[in-house]
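Given next are the chains, with one letter for each unit.
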Amino acid sequence: MKYRFDNRRLPLLWRTVLLLTIFVVISQVIIYIWIQRSVKGHFEQMDAEIMTHAAFNLRKRVIDSSPITSQTLPSSQYPLNSQQPLRAAPDVMPDGDTSTAAISDEADHQHSSWLDYDLKTIIANKEGQILSSTPNNFAQELGEGFNLSSLKQDNDKQQFVMNINSRYYRAMVIEDDKMLALIALPIDVHHQYLLQFNRQLSMILFAITLLLVSVAALGVYWGFAPLATIVQKMKRMNPDRLDDRVTVSDMPLELRPLAESYNSMMAKLESNFESLSRFSDNIAHELRTPIATLSTQTQVMLNKPRAGDEYIEQLHHQHDTLEQLSAMINNMLLLAKTQKGLSDSQISHVDTDRLITKLVDYYEMIAEDRGIAIETKGEFSAVLGDKSLLQRLFANLISNAIYYAAQDSVITISADRVNSDEMVGTMITSLQQSKQAVLRITITNQVDEPLAQSEADKLFERFYRHHKTIDRHTGTGLGLSIVQSIVGAHNGNVSITIKDDDYFQVSVELLADV
């Protein structure tokens, strides 16, 4: 059920596109509302300024007693035959002349401005009876039930929107001591413009959204396209193509760490696979030789009857061969055991001073036969680990030092405490991460022949022997491999260093007991 649920998850490309689409749509809606309100507010502000200016002009004309340019309504619409427009007496100059010419010019200018905006006016008395209309048919459009007084009470000194014969007007009612006036500005053109503007704006924003989502989808697809290169290389991976690598320079900067990690992983796989292949070849060779020897010796003894002493001697040879096979198998089992690590029950406090002293006493007699001296120096403190495994570890190192040391030389075993960040090994272990004290034990011996560092690094490989033609060493080539495996089981570190081409130095670093 969990597998099916995981398969129903959207691919990363579609999840990215979906998230971007939601973000863009929300942004576009906010932009749409903001632009719509801005444009609508602009028209409302412009209409309000026109209305305010028209009201100001109308009041000024009344105060200045200028004739209000209008057309007289039919007499049937004016009670008491008051069908003529509201007028005031012309101003009289001190010398007896009137200023009717100037007033007439001002009225014509104002009337021209009103025509430009298609302003409409209604003038009525205090009782709400219509006196004049501009244009004259505007009063007829209002209908018989129109009452300016009630309209004034509902919208006192406020601009409002009214609908007359399916046309929208922005209107305002003004008054003075003798009259009421309605000023109306048609805004249906604005409504049509806003409707068309909203439609075009919606189309533009939709096109921008579609373009952004398409560009984002293409960008995500191109961004993850280099991953297909790694996927293809993984699919083509086989034992014959472990050297195939990803070109890091061809990757985007964000994917270069992934490419470098992939190349590092492939390098480790290649190295481990080659080591495993050599191990398989070596173990087959190591097992084949003693088994072939046993088979040949048995066939020779069965060819003809022999004396009892010959049978006894041959059985001794076969026993030695079987012990060699047994030692090899035990070493391989020990390698397999230590590769799993140590359990908490196996870890104890091990006194390295007593352990090294015991081993030196044991191997000192063997070393004296070749004129080799063993010296110890430094502070050998306690460490945490398995005593039997650590004894096997240092026994292998001391025996190797004796067997490969030059005659009449000195083997030095030194110890010192260091911090985990001063470890000389190149492999990062839990000791380096724990930042605890580490005991470093170094075994140094002089070799017969100069040895290169590259050759020394191969000594940890299983069944590897540097001196393949020397018969005096009867080992299986697993000694240093066992050392490395035991150190790894203790989360420590082991390294080989060649100094001055003649001195072979092995350093073992283990967690010191606090």
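Definitions and limits used
Residues numbered from 1 in each chain as written. Predicted model: local features only at pLDDT ≥ 70, side-chain atom pairs only at ≥ 80, totals over all residues. Heavy atoms only, no water. Pairing = 2+ DSSP bridges. Helix = DSSP H or I, 4+ residues; strand = E, 2+ residues; numbered from the N terminus. Phe/Tyr/Trp six-rings, centres within 6.5 Å; stacked < 30°, edge-to-face > 60°. Buried < 20%, exposed > 50% of the residue type's maximum accessible area, 1.4 Å probe, protein only. Axes fitted to C-alpha atoms, helices over the stretch in contact; angles between N-to-C directions. Left-handed = near helix turned anticlockwise from the far one by under 90°. Contact = heavy atoms within 4.5 Å. Nonpolar A, V, L, I, M, F, W, Y, C, P; charged D, E, K, R; others polar. Salt bridge = Lys/Arg side-chain N within 4 Å of Asp/Glu carboxyl O. Patch = residues over 30% accessible without salt bridge, like charges linked within 9 Å, V, L, I, M, F, W, Y side chains within 5 Å. Areas by Shrake-Rupley, 256 points an atom, 1.4 Å probe, with all protein chains shown as cover. Lys, Arg positive; Asp, Glu negative; His and termini not counted. Charge placed at Lys NZ, Arg CZ, Asp CG, Glu CD. Core = buried A, V, L, I, M, F, W, Y, C linked by side-chain atoms within 4.5 Å. Expected span 1.5 Å × (residues − 1). Bend = angle between axes of the 7 residues up to and from the residue.

**Looking at the pairing of strand S10 (residues 410–419)**
Working step 1: Inspection of the sheet shows strand S8 (residues 373–378) paired to S10 by six bridges, in the parallel sense. Of the residues in S10, the one forming a bridge with isoleucine 374 is isoleucine 411.
Working step 2: Pairing of S10 with strand S11 (residues 437–446), which is carried by eight bridges, proceeds in the antiparallel orientation. Looking at the pairing, alanine 415 lines up with isoleucine 441 of S11.

**Topic: the packing of aromatic side chains**
Working step 1: Evaluation of the coordinates by the stated rule reveals four aromatic pairs.
Working step 2: Measuring from centroid to centroid gives 6.0 Å for phenylalanine 138 and tyrosine 169, while their planes differ by 55 degrees, and the two rings are tilted. Of this pair, phenylalanine 138 sits in helix H4 (residues 138–142) while tyrosine 169 sits in strand S5 (residues 167–175); the two residues are 31 residues apart in sequence, bridging distant segments of the chain.
Working step 3: Plain terms: the ring middles of tyrosine 193 and phenylalanine 197 are 6.1 Å apart, the flat faces sit at 15 degrees to each other, and that makes the pair stacked. Pair noted here: tyrosine 193 and phenylalanine 197 are both in helix H6 (residues 188–235), with a separation of four residues, about one helical turn.
Working step 4: Here tyrosine 193 falls in the partly exposed class, since its relative accessible area comes to 41%.
Working step 5: Through successive ring pairs, a cluster of aromatic residues spans Phe43, Tyr193 and Phe197.

**Topic: the packing of helix H10 (residues 387–404) against helix H13 (residues 479–489)**
Describing two packed helices takes the angle between their axes plus the distance from one axis to the other.
Working step 1: Axis separation between H10 and H13 bottoms out at 9 Å; the angle between their running directions is 145 degrees. You can see that H10 and H13 cross each other, and the crossing is left-handed. Contact residues: Leu389, Arg392, Leu393, Asn396, Leu397 and Asn400 in H10; Gly479, Leu480, Ile482, Val483, Ile486 and Val487 in H13.
Working step 2: For the contact of H10 with H13, a count of residues per class yields eight nonpolar, three polar and one charged.

**Looking at the pattern of salt bridges**
Working step 1: Going through the model one piece at a time under the given rule, you end up with six salt bridges.
Working step 2: In this structure, arginine 236 engages aspartate 244 in a salt bridge whose closest nitrogen and oxygen atoms are separated by 3.9 Å.
Working step 3: Between arginine 440 and glutamate 509 there is a salt bridge, and its shortest N-O distance comes to 3.2 Å. Linking arginine 440 in strand S11 with glutamate 509 in strand S13 (residues 503–511), this pair joins segments that are 69 residues apart in sequence. The same class applies to arginine 440 as to glutamate 509, namely buried.
Working step 4: In the salt-bridge network here, residues are joined through shared partners; they are Lys233, Arg236, Arg241 and Asp244.

**What about the environment of threonine 376?**
Working step 1: Assignment of secondary structure puts threonine 376 in strand S8.
Working step 2: C-alpha of threonine 376 to C-alpha of threonine 412: the two residues are 36 residues apart in sequence and 5.9 Å apart in space.

**Comments concerning the pairing of strand S12 (residues 493–499)**
Working step 1: Burial runs high along S12: five of the seven residues are buried.
Working step 2: Pairing of S12 with S13 involves seven bridges; the strand directions are antiparallel. Residue pairing across strands places threonine 497 opposite glutamine 505, the latter belonging to S13.

**Quick word on a negative patch on the surface**
Working step 1: Taken together, the side chains of Asp361, Glu364, Glu368 and Asp369 make up a negatively charged region of the molecular surface.
Working step 2: Relative to the elements of secondary structure, aspartate 369 occurs in helix H9 (residues 352–369).
Working step 3: Residue aspartate 369 is classed as exposed on the basis of its relative accessible area, which comes to 69%.

**Overview of the nonpolar core**
Working step 1: Counting residues in hydrophobic clusters, the biggest one holds 49 residues, and the most contacted among them are Phe394, Leu397 and Ile413.
Working step 2: Among the elements of the structure, H9, H10, S10, S11, H13, S12 and S13 are those that each provide at least two residues to this core.
Working step 3: The leading source of residues in this core is H10, at nine residues.
Working step 4: Counting residues in each nonpolar core, the second largest holds 18 residues, with Ile130, Leu142, Met162 and Leu180 among its members.

**Some thoughts on H6**
Working step 1: Taking 1.5 Å per residue as the helical rise, H6 with its 48 residues ought to reach 70 Å, and the 69 Å between its terminal C-alpha atoms agrees with that figure.
Working step 2: Of all the bends in H6, the greatest reaches close to 30 degrees and is centred on alanine 225; the proline proline 226 follows between one and four positions later.

**Some remarks on the sheet that holds S8**
Working step 1: Strand order in the open sheet made by the five strands is S8-S10-S11-S13-S12, with mixed pairing throughout. One side of each edge strand has no neighbouring strand; the edge strands of this open sheet are S8 and S12. Ignoring which end each strand starts from, the neighbouring axes of this sheet average 20 degrees apart.
Working step 2: Of the strands in this sheet, S8, S10, S11 and S13 touch H10, which is tilted by about 25 degrees from S11.

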